[in-house]
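Per-entry structural report
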Amino acid sequence: MREVPGERTGPQQVASSQAENGGPLADPTLDDPTATEAPVTEPGAIEAPVTEPGATEAPVTEPGATEAPVTEPGATDAPVDLPGATEGCPGGMVRVEGEYCPAVVQECLEYHPEWTKRHGEPGVAARCLRFREPSRCVAKKTESLSYCMDRYEYPNVPGELPRTLTSWEQAADMCEAQGKRLCTEAEFNFACEGPEMLPYVYGYERNAETCNQDRDYRFPDHSQRLLHYQACQQNERCAAELSRLDGREPAGSRAACASWAGVFDLNGNANEWVVRTDQKAPYRSGLKGGWWGPIRSQCRPMTTFHKEDDYGYEVGFRCCADVEAQAAE
């Protein structure tokens, strides 16, 4: 269902496993912040851009990326100062395990003043400042989940900027090259919201300082398309435009933006590709978590209208993997 700009469906919605959440990408034809899909969870989302399809490219660390102290280089188990369990998971990943609710009711009690005054305008999203506690599971039964997830957004290195300008197809190939896979919608939801079904990774009230979110929206220049990540950094015009739009922060920069499972930046920083397991190509792609702009950036909503070869300046990903057989027994 594509959302009508400015339309509200009411304060309480059911957030199902097929919830949709408008999201941006870097394509001149798709970068309209008002062209969003309404999730079953909550009205309105603004997210913008997606660009052109392209071949898979090797991951590249962005020049000038700020280096933070590396506490987890992706080797063996995580140090004790990092949250979460790692048993049965490859280096740099955390173990996520528990009972997941496929359908949740999350009621927004207070929206951001920008939405109440200007909803329907470009760059204005339905940001909820406060949800009713607690969230309610309305599914007939829960699902038992046990899997491994990258602690940080790809390339999963603390202190490095997350890779963006990457299509769903490219992201899937890069995860596969590491012996991993893209995370599913349910896996992202549970790692982010946990057993309490939190609307935000940090709780029920929005906090613009906890995660990298709520920065002013900058409208992309649609006169020329952005290139894929590696090619963009090697092109003067593209690199300059990416620098102007860029609001990424090095992975793990905000310690408080870690989920109950020990996964960082599931809200904000970069939008993340996931697999919609109930769909077939070319509709298997979904975007979760939000990015640095003034958008919803919640755990449960998902953008569903971007195709598998779309990509954008704010779109990244992280990988998941099955728990090692011995540890799963």
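Residues numbered from 1 in each chain as written. Predicted model: local features only at pLDDT ≥ 70, side-chain atom pairs only at ≥ 80, totals over all residues. Heavy atoms only, no water.

It is worth spelling out the sheet that holds strand S11 (residues 315–316) at this point. The four strands are arranged S10-S9-S8-S11 in an open sheet whose pairing can be described as mixed. Two strands bound the open sheet, and with one partner strand each, they are strand S10 (302–303) and S11. Examined bridge by bridge, strand S8 (residues 271–275) and strand S9 (residues 285–288) share four bridges and lie antiparallel to one another. Bridge pairing in S9 links Val-275 to Ser-285. Each of S8 and S9 is contacted by helix H2 (residues 168–177), which is oriented at about 75° to S8, the strand it contacts most. Against the sheet, helix H3 (residues 185–193) touches S8, S9 and S10, its axis set at about 130° to S8. (Pairing = 2+ DSSP bridges. Helix = DSSP H or I, 4+ residues; strand = E, 2+ residues; numbered from the N terminus. Contact = heavy atoms within 4.5 Å. Axes fitted to C-alpha atoms, helices over the stretch in contact; angles between N-to-C directions.)

A few words now on the packing of aromatic side chains. The description of two aromatic rings rests on the distance between their centres and on the angle between their planes. Taken as a whole and judged by the stated rule, the model has eleven aromatic pairs. Judged by centre distance (6.1 Å) and plane angle (70°), the rings of Tyr-217 and Trp-291 are edge-to-face. Of the two residues, Tyr-217 is situated in the loop between H3 and helix H4 (229–233) and Trp-291 in the loop between S9 and S10; the sequence distance between them amounts to 74 residues. Overall, Tyr-217 belongs to the buried group, its relative accessible area being 16%. Judged by centre distance (5.8 Å) and plane angle (90°), the rings of Trp-291 and Tyr-313 are edge-to-face. Note that Trp-291 is positioned in the loop between S9 and S10 and Tyr-313 in the loop between S10 and S11, a separation of 22 residues in sequence. Overall, Trp-291 belongs to the buried group, its relative accessible area being 2%. In this structure Tyr-313 comes out as buried when scored by relative accessible area, which is 1%. (Phe/Tyr/Trp six-rings, centres within 6.5 Å; stacked < 30°, edge-to-face > 60°. Buried < 20%, exposed > 50% of the residue type's maximum accessible area, 1.4 Å probe, protein only.)

With that settled, the discussion passes to the pattern of salt bridges. If you walk through the whole model with that rule in mind, you get 18 salt bridges. Glu-114 is the salt-bridge partner of Arg-118, the closest N and O atoms lying 3.3 Å from each other. Note that Arg-118 and Glu-114 are positioned in helix H1 (residues 113–118) at a spacing of four residues, about one turn of the helix. If you follow the salt bridges from partner to partner, you end up with Glu-114, Arg-118, Glu-121, Arg-127, Arg-206 and Asp-214 in one network. (Salt bridge = Lys/Arg side-chain N within 4 Å of Asp/Glu carboxyl O.)

With that settled, consider the sheet that holds strand S6 (residues 143–150). Judged by pairing direction, the sheet is antiparallel, and its four strands sit side by side in the order S2-S6-S12-S7 without closing on themselves. The outermost strands of the open sheet, each flanked by one partner alone, are strand S2 (93–100) and strand S7 (181–182). Pairing analysis gives two bridges linking S6 to strand S12 (residues 319–321), with the strands arranged antiparallel. From the neighbouring strand, Cys-148 faces S12, where its bridge partner is Ala-321. Against the sheet, H3 touches S2, S6, S7 and S12, its axis set at about 95° to S2.

Right, let's get into the side chain of Asp-150. Along the chain, Asp-150 turns up in strand S6. Here the side chain of Asp-150 touches Asn-156 through a polar contact of 3.4 Å, side chain to side chain. Among the polar contacts listed, one links the side chain of Asp-150 to the side chain of Lys-180, at a separation of 2.8 Å. Beyond its immediate sequence surroundings of up to four residues, Asp-150 is in contact with Gly-92, Met-93, Asn-156, Lys-180, Val-263, Arg-318 and Cys-319. (Polar contact = N/O pair within 3.5 Å; in protein donor to acceptor, adjacent residues only side chain to side chain.)

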